[in-house]
Amino acid sequence: MHLCDIPEEAMNQLHLPNGLPLVYNVKRKCITLLDDGSGRDPTEVHDFGPAAQYLFRPCELDDDFFLQMEEQISKADTEEKPVLAA
């Protein structure tokens, strides 16, 4: 409710299908759906209920996002890790 600024009165109007991967973007405070490769719009295929507009706001993960994630992972891998003494 607080993550997506969903009004409390709209919470019981949300339907979240089981087994459908949702990705929450912390920076942009929005949810996206993973593409299943079918070419169909998941919001038309699945019933998210009348309050779905609170879940899906315009938000796209662009190439910069993935580049930043790769850089962070690479940086973490190259940093020295502390050695524990026995």
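Structural notes, computed from the coordinates.

**So, the overall build of the chain**
So, step 1. What the chain contains, in helices and strands, is two helices and two strands.
So, step 2. The linear arrangement of helices and strands in the chain, starting from the amino end, is β-β-α-α.
So, step 3. The contacts of the chain with a sequence gap of at least 6 include a subset with a gap of at least 24, amounting to 64%.
So, step 4. Surface exposure of the chain reaches about 7,100 Å², of which carbon and sulfur atoms provide 54%.

**Regarding the environment of Val23**
So, step 1. Take Val23: it is sitting in strand β1 (residues 22-25).
So, step 2. Here Val23 falls in the partly exposed class, since its relative accessible area comes to 26%.
So, step 3. Counting along the chain gives 11 residues from Val23 to Leu34, while the straight-line C-alpha distance between them is 7.1 Å.

**Here we look at the nonpolar core**
So, step 1. Cys4, Ile6, Ala10, Leu14, Ile31, Ala51 and Leu55 form the largest nonpolar core, which has seven residues in total.
So, step 2. The contact partners of Leu55, leaving out residues within four places of it in the chain, are Ile6, Leu14, Leu16 and Ile31.

**Quick word on the pairing of strand β2 (residues 30-33)**
So, step 1. On β2, burial covers both faces: Cys30 and Thr32 on one face and Ile31 and Leu33 on the other are all buried.
So, step 2. As defined by bridge partners, β1 adjoins β2 across four bridges and the pair is classed as antiparallel. Opposite Tyr24, over in β2, you have Ile31 as the bridge partner.

**Observations concerning the environment of Leu33**
So, step 1. Here Leu33 is to be found in strand β2.
So, step 2. Along the chain, Leu33 and Thr43 lie 10 residues apart, while their C-alpha atoms are 8.9 Å from each other.
So, step 3. With residues near it in sequence (within four places) discarded, Leu33 still touches Leu20, Pro21, Leu22, Pro42, Thr43, Phe48 and Phe56.

**Remarks on the environment of Leu14**
So, step 1. Looking at where Leu14 falls in the secondary structure, it is placed in the segment before β1.
So, step 2. Expressed as a C-alpha distance, the spacing of Leu14 and Ala52, which sit 38 residues apart in the sequence, is 6.3 Å.
So, step 3. With residues up to four places along the chain from it excluded, the contact list for Leu14 reads Ile6, Phe48, Ala51, Ala52 and Leu55.

Analysis parameters
- Residues numbered from 1 in each chain as written.
- Predicted model: local features only at pLDDT ≥ 70, side-chain atom pairs only at ≥ 80, totals over all residues.
- Heavy atoms only, no water.
- Helix = DSSP H or I, 4+ residues; strand = E, 2+ residues; numbered from the N terminus.
- Contact = heavy atoms within 4.5 Å.
- Areas by Shrake-Rupley, 256 points an atom, 1.4 Å probe, with all protein chains shown as cover.
- Buried < 20%, exposed > 50% of the residue type's maximum accessible area, 1.4 Å probe, protein only.
- Core = buried A, V, L, I, M, F, W, Y, C linked by side-chain atoms within 4.5 Å.
- Pairing = 2+ DSSP bridges.

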